[in-house]
Amino acid sequence: MPVSDDFAENGILTRRVPGFHPREAQRQMAISVTEVIDKQGVLIAEAGTGTGKTYAYLVPALRSGKKTIISTGSKALQDQLYSRDLPTIIEALDYDGTTALLKGRSNYLCLERLDQQMLSGGDLEAEVLADVMHVRQWSTQTEDGDISRCHSVAEDSKVWPLVTSTNDNCLGSDCPRYKECYVLSARKNALAADVVVVNHHLFMADTVVKDTGFGELIPDAEIMIFDEAHQIPDIASHYFGQQLTSRQLFDLARDMIVAYRTEVRDQVQLQKSADRLTQMVQDFRLSLGDTGFRGNLRELLQNKETKRYLTFLDDALELSYDVMKLSLGRSQLLDSAFERATLYRNRLKRLIDTTIAGYSYWFESYGRHFLLAITPLSVADKFRELIKSHKSSWIFTSATLSVDEKMSYYTDRLGLENATTLILNSPFDYQHQTLLCVPRYLPPLNQPYTAKRLAAMLAPVILKNQGRCFFLCTSHAMMRGLAEEFKASLPLPVLMQGEMGKSQLLKKFVSSGNALLVATQSFWEGVDVRGDTLSCVIIDKLPFTAPDDPLLRARIEDCQLRGGDAFRDVQIPDAVITLKQGVGRLIRDIHDYGAIIVCDDRLVSRPYGEVFLSSLPPSPRTRSLEKTSYFLSQRAQRNEIVSES
């Protein structure tokens, strides 16, 4: 039976999935996915919000009977796909294959590291020690060790890095608890399963780094599906490069101390060298200055003072290496730490050598931590080779892949010039469900008073709409400024990203029913709020990446070397994709309605504004905030009448 029959008026999905309605775009995508699976090709499919792309790839994949890996953009989407969408289609099709959910190593409890914390717990803060005890109690009940299911400990608790492992610090087959390992169990299940659900970070980490275990899945999988595939180029860039972080070094020092206190008690130099490493990591972080900053590592290393602190850090790492070498073979934990010290020494030397062409050298400082990184300017060649080396069918899909209705920006970045491409428009009626407003008399961008003026200008619209609004910002400074202004002026709940966890913030926004949420990067995508709870999305300005961002600067230089126009070929496409994601938060259902307000005159005053507008859903446009308020109030009244009747 053709897969298109599954999506027909009287097809199996209509009969067996409650609330399912046939959609022509969904049927077209399912046909294209089937064709690519049959010929082992590559498909890049942009499916507008509401197309139903998940079912459009799940049905052909399950019908094929082939081993399938599905990679999603985040752990939240991964859980949703595995727990909701996949079981629905399995039941509808009477599919008899097996499925598995596989997350990254740090999502599973490490029993050995938990044991180590119990042994050396006297040094922990009271709050962390209490969480260790909660984890210990939960460890006697869990079957899969997935820490997201340990509800007695907060997801951002300091205990989790202490009782989970990373690729760096895992003891592997030398671990005393190896046979009970939850990661090993999850990977065995994945190897045996017919359909495996992973996320992009895990896929790229284990594919590129060839981490043992999961790497064995890849040759055996006949179908590779990437949902939210717009994230792949940037994630791949990170994994094809190298990084060294303060967290890795703190973790190394902590393991040295645990080994000294539990197994190698006569080697007091372990404690001293670990303390020195910790101090040098902290000193180097302080030398970087402001928090939340991303900069050019090549330029940073021109600073003599910073270079001096980096030399001290390098020396402390060398000392730790030398001290651990004296006790090799006496402690599995210490032997593992020694291997990591070797790796980090080599990585630091690679990072300090900034003469190698074709890479962006950059650093980031955030809170008490830092990250040093090198990233290849292009991953096209490497990704092309990755696909060639696996005789599989590859499907890349997202609501935001095209720029100005062309796929070339995406295909060029991943080296997929010969892929089949498909653009399917959303079935939503944007002409009647939405309104796009670029207000007149906007304040200048990036001025100290911009937040104050924007808040004063938009407060009446937000108030008249009774909140129900996301204000998406392009910087943390603007987010904080706007939140402060709105909290002082609006008699509504004003929530700000960072005040609590993302999931808690969303729950509070929905339960309030009349809230304004002021947020930045993490709320531009992967957030699904349906119904009247969200009827207005405001964006402070076009989301161009800051021109001093080292990754962007490196890509610009690379583009210019190849004779391209960096603004047209790099900066505009990046910003268009991000804007499409932000705008996509508004309409999530056929009954939704709302206004999009973009507070940036460039959208209508610059020639390139047309590229943005032609890439967005076809909403009616206005420059009047009064008309926008009227549209929102009229639609709210209409929805009330419909719901009452």
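Rules of the game
The residue count restarts for each chain, going from 1 along the sequence in the order it is written. Predicted model: local features are reported for residues with pLDDT of at least 70 only, side-chain atom pairs are reported and counted for 80 or more only, and whole-chain, interface and lining totals are derived from all residues. Side-chain measures were taken over the full set of non-hydrogen atoms in the model, leaving aside hydrogen atoms and water. UniProt positions are given in the numbering used here, feature names are shortened, and annotations may be inferred rather than shown by experiment. Helical segments are the DSSP runs of H or I of at least four residues, strand segments are the runs of E of at least two, and each set is numbered from the N terminus. The globule rule is 2.2 Å times the number of residues to the power 0.38, and the radius of gyration it is compared with is taken over C-alpha atoms. Each residue is assigned to one of three classes by its accessible area relative to the maximum for its type, calculated with a 1.4 Å probe on protein chains only: buried under 20%, partly exposed between the two thresholds, exposed over 50%. Residue contacts are counted whenever heavy atoms from the two residues lie within 4.5 Å of one another. Residue burial considers only the protein chains on display, and all accessible areas are found by Shrake-Rupley using a 1.4 Å probe. In this tally Asp and Glu are treated as negative and Lys and Arg as positive; neither His nor the chain ends contributes. Taken as the charge centre is NZ of Lys, CZ of Arg, CG of Asp or CD of Glu, depending on the residue. In short, DSSP must find at least two bridges between two strands for them to pair. Simply put, an axis is a line fit to the C-alpha atoms, just over the touching stretch for a helix, and the angle between two N-to-C directions goes from 0 to 180 degrees. Aromatic rings from Phe, Tyr and Trp, taking only the six-membered ring of Trp, are treated as a pair when their centres fall within 6.5 Å; an angle between ring planes under 30 degrees marks them as stacked, one over 60 as edge-to-face, and anything in between as tilted. We define the nonpolar core as a collection of buried residues of types Ala, Val, Leu, Ile, Met, Phe, Trp, Tyr and Cys that are connected through side-chain atoms lying within 4.5 Å of one another. Each domain span listed reflects an automatic or database assignment of domains. Salt bridge, as applied in this entry: a Lys or Arg side-chain nitrogen positioned within 4 Å of an Asp or Glu carboxyl oxygen. For the purposes of these results, a polar contact is taken to be a pair of N or O atoms within 3.5 Å, where, inside protein, one atom must be able to donate a hydrogen and its partner to accept one; residues adjacent in sequence count only when each atom of the pair is a side-chain atom. Two cysteine sulfurs form a disulfide in these notes if their separation is within 2.5 Å.

The name given to the protein in an unreviewed UniProt entry is ATP-dependent DNA helicase YoaA, and the organism recorded there is Proteus mirabilis. According to the UniProt record, the Sequence similarities (unreviewed entry) comment for the protein reads "Belongs to the helicase family. DinG subfamily."

Novice: So what's going on with the overall build of the protein? Residues and values would help.
Specialist: On a plain count of helices and strands, the protein comes out with 28 helices and 18 strands. Over its C-alpha atoms the protein spans a radius of gyration of 26 Å, differing by no more than 12% from the 26 Å that the globule rule assigns to 645 residues. Counting only C-alpha atoms, the protein reaches 80 × 65 × 55 Å along its principal axes. Across the 645 residues that make up the protein, the buried fraction comes to 56%. Of the contacts formed within the protein by residues at least 6 apart in sequence, a portion of 77% connects residues at least 24 apart. Summed over all atoms, the accessible surface of the protein reaches about 29,000 Å², with 50% contributed by carbon and sulfur. One way to put it: in the protein the 74 positive side-chain charges average out to a point 3 Å from where the 81 negative ones average out.

Novice: Explain the sheet that holds strand 4 (residues 195-199) residue by residue, including any values.
Specialist: Within a beta sheet, neighbouring strands are joined by backbone hydrogen bonds and run either parallel or antiparallel to one another. Strand order in the open sheet formed by seven strands is 3-4-2-5-10-1-11, and the pairing between neighbours is parallel. At either margin of the open sheet sits one strand with a lone partner, and together these are strand 3 (99-101) and strand 11 (420-424). The sheet shows a mean angle of 15 degrees between the axes of neighbouring strands, taken without regard to direction. Strand direction decides the pairing type here: strand 2 (residues 68-72) and strand 5 (residues 223-227), joined by four bridges, are parallel. Paired with T68 across the strands is I223, a residue of strand 5.

Novice: Just give me the short version of the sheet that holds strand 18 (residues 621-622), but keep the residues and values in it.
Specialist: Taken together, the seven strands give an open sheet; going across it, the order is 14-15-13-16-17-12-18, and neighbouring strands pair in parallel fashion. Edge positions in the sheet fall to strand 14 (494-496) and strand 18, since each has one partner strand and no second. Across four bridges, strand 13 (residues 469-472) lies against strand 16 (residues 536-539) in parallel orientation. Each bridged residue has a counterpart across the sheet, and for L472 the counterpart in strand 16 is I539.

Novice: Give me the packing of aromatic side chains: which residues, what numbers.
Specialist: Here the structure, examined in full by the defined rule, presents 18 aromatic pairs. Taken together, a centroid distance of 6.1 Å and an interplanar angle of 10 degrees make the contact between F226 and W394 stacked. Of this pair, F226 sits in strand 5 while W394 sits in strand 10 (residues 393-398); the two residues are 168 residues apart in sequence, bridging distant segments of the chain. With respect to class, F226 is no different from W394; both count as buried.

Novice: Explain the nonpolar core to me, using residue names and the numbers behind them.
Specialist: If you look at the biggest cluster of nonpolar residues, it comprises 50 residues, and the most contacted ones within it are L109, V135, F383, W394 and F396. Counting contributing residues per domain, this core is built from domain 1 (1-100 + 193-237 + 377-422) and domain 2 (103-182), each supplying no fewer than three. Those residues within four positions of V135 in sequence are excluded, and the remaining contacts are L109, L114, V153, V159, W160 and V163. Counting residues in hydrophobic clusters, the runner-up holds 41 residues, among them A253, Y260, L372 and I374.

Novice: Which residues make up the side chain of D540, and what values do they have?
Specialist: As for its position among the elements, D540 is in the loop between strand 16 and helix 24 (550-561). The buried charged residue D540 lacks any salt bridge partner; its closest oppositely charged side chain belongs to K541, at an N-O distance of 5.7 Å. Separated by 3.1 Å, the side chain of D540 and the backbone nitrogen of T474 make a polar contact. Residues within four places of D540 in sequence aside, it is in contact with L445, L454, F471, L472, C473, T474, M478, C599 and D600.

Novice: Mind laying out the state of the cysteines, listing which residues take part and the relevant values?
Specialist: Throughout the structure, instances matching the rule amount to zero disulfides. Not engaged in a disulfide, the cysteine C175 finds its nearest cysteine sulfur in C110; these two sulfurs lie 5.6 Å apart. There is no disulfide at C473, and the cysteine sulfur nearest it, in C599, is 9.4 Å away. Classification of C473 as buried rests on a relative accessible area of 1%.

Novice: Describe in detail the pattern of salt bridges, supporting the description with residues and values.
Specialist: Throughout the structure, instances matching the rule amount to 42 salt bridges. The closest approach of N and O atoms between E305 and R308, which form a salt bridge, is 3.0 Å. Note that E305 and R308 are positioned in helix 16 (residues 304-325) at a spacing of three residues, about one turn of the helix. Classification of R308 as partly exposed rests on a relative accessible area of 38%. Close ionic contact of R345 with E318 constitutes a salt bridge, the shortest N to O distance being 3.1 Å. Of the two residues, R345 sits in helix 17 (residues 332-352) while E318 sits in helix 16, which places them 27 residues apart along the sequence. One connected set of salt bridges, linked through shared partners, spans D79, K103, D144, D146 and R149.

Novice: Requested: an account of unusual backbone geometry, with residues and values cited.
Specialist: The residue D94 is not glycine, and still its phi comes out positive at about 55 degrees. If you trace the backbone, D94 turns up in the loop between helix 5 (75-93) and strand 3. Even without a glycine there, the phi angle at R468 is positive, about 50 degrees. Here R468 shows up in the loop between helix 21 (450-464) and strand 13. You can call R468 buried: its relative accessible area is 11%.

Novice: Give me the environment of R16: which residues, what numbers.
Specialist: Among the structural elements, R16 can be located in helix 2 (residues 12-16). Residue class for R16 comes out partly exposed when judged on its relative accessible area of 42%. R16 sits 77 residues away from L93 along the chain, and the two C-alpha atoms are 8.7 Å apart. Apart from residues lying up to four places away in sequence, R16 is in contact with E91, A92 and D94. At 2.8 Å, the side chain of R16 forms a polar contact with the side chain of D94.

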